[in-house]
Amino acid sequence: MAFEKHIFICINQRSLDNPKGCCGDNGMAVRIAFVQELAKRGLKNNVRANKTSCLDVCSLGPSVVIYPAGIWYKRVSPEDVPEIVETSIIGNGMVTRLQLSDTEFMSRK
């Protein structure tokens, strides 16, 4: 059985003085929150929360991408995860306050 959706969470580590920024530890906390929320809602066999390396929007991280919808989120915190799961995983919608715009993506560092 294949997963219906994949959530990619950047956990890439860079030095704190790197001008690109770093998702790192904050990204790992977001991933753990997704794993716990998916399990709590009985979704762990349908949706996979994947660790990933750089998604190339480090200065706007922690970043999250949801496929197959192609939803990109910026500055995600563990507290945002229940809303993302409810809106984007269960409901197929967008949490607009976290949405990464095309302009932000194109002007990334």
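Everything below is about the structure printed above this text.
Residues numbered from 1 in each chain as written. Predicted model: local features only at pLDDT ≥ 70, side-chain atom pairs only at ≥ 80, totals over all residues. Heavy atoms only, no water.

> Would you take a moment to explain the nonpolar core for this structure?
Ranked by size, the top nonpolar core spans 20 residues in total, and within it Ile 7, Phe 34, Val 64, Ile 66, Tyr 73 and Ile 84 carry the most contacts. Those elements that provide at least two residues to this core are strand S1 (5-10), helix H1 (24-40), strand S2 (47-52), strand S3 (64-67), strand S4 (71-73) and helix H2 (81-90). When sequence neighbours within four positions are dropped, the list of residues in contact with Ile 7 reads Phe 34, Leu 38, Val 47, Arg 48, Ala 49, Asn 50, Val 64, Val 65, Ile 66 and Ile 89. (Core = buried A, V, L, I, M, F, W, Y, C linked by side-chain atoms within 4.5 Å. Buried < 20%, exposed > 50% of the residue type's maximum accessible area, 1.4 Å probe, protein only. Helix = DSSP H or I, 4+ residues; strand = E, 2+ residues; numbered from the N terminus. Contact = heavy atoms within 4.5 Å.)

> How should H2 be read in this particular structure?
One turn of an α-helix holds 3.6 residues; hence residues three or four places apart share an orientation. All buried positions along H2 are accounted for by Val 81, Ile 84, Val 85, Ser 88 and Ile 89. Down the axis, H2 shows its buried residues gathered within 110° of arc, on one side only. Asn 92 sits one or two residues past H2 and shows a positive phi near 60°. (Arc of directions from axis to C-beta.)

> What is the right way to look at the pattern of salt bridges in this model?
Once the charged atoms of two side chains with opposite charge are near each other, the side chains can pair. By the definition in use, this model includes six salt bridges. Across the salt bridge formed by Glu 37 and Arg 41, the nearest N and O atoms sit 2.6 Å from each other. The partly exposed category is assigned to Arg 41, whose relative accessible area is 31%. Its salt-bridge partner being Asp 80, residue Arg 97 comes within 3.0 Å of it at the nearest N-O pair. Of this pair, Arg 97 sits in the loop between H2 and helix H3 (102-106) while Asp 80 sits in the loop between S4 and H2, and the two are 17 residues apart along the sequence. Its relative accessible area of 8% is what places Asp 80 among the buried residues. Salt bridges linked by common partners bring Glu 37, Lys 40, Arg 41 and Glu 86 together as one network. (Salt bridge = Lys/Arg side-chain N within 4 Å of Asp/Glu carboxyl O.)

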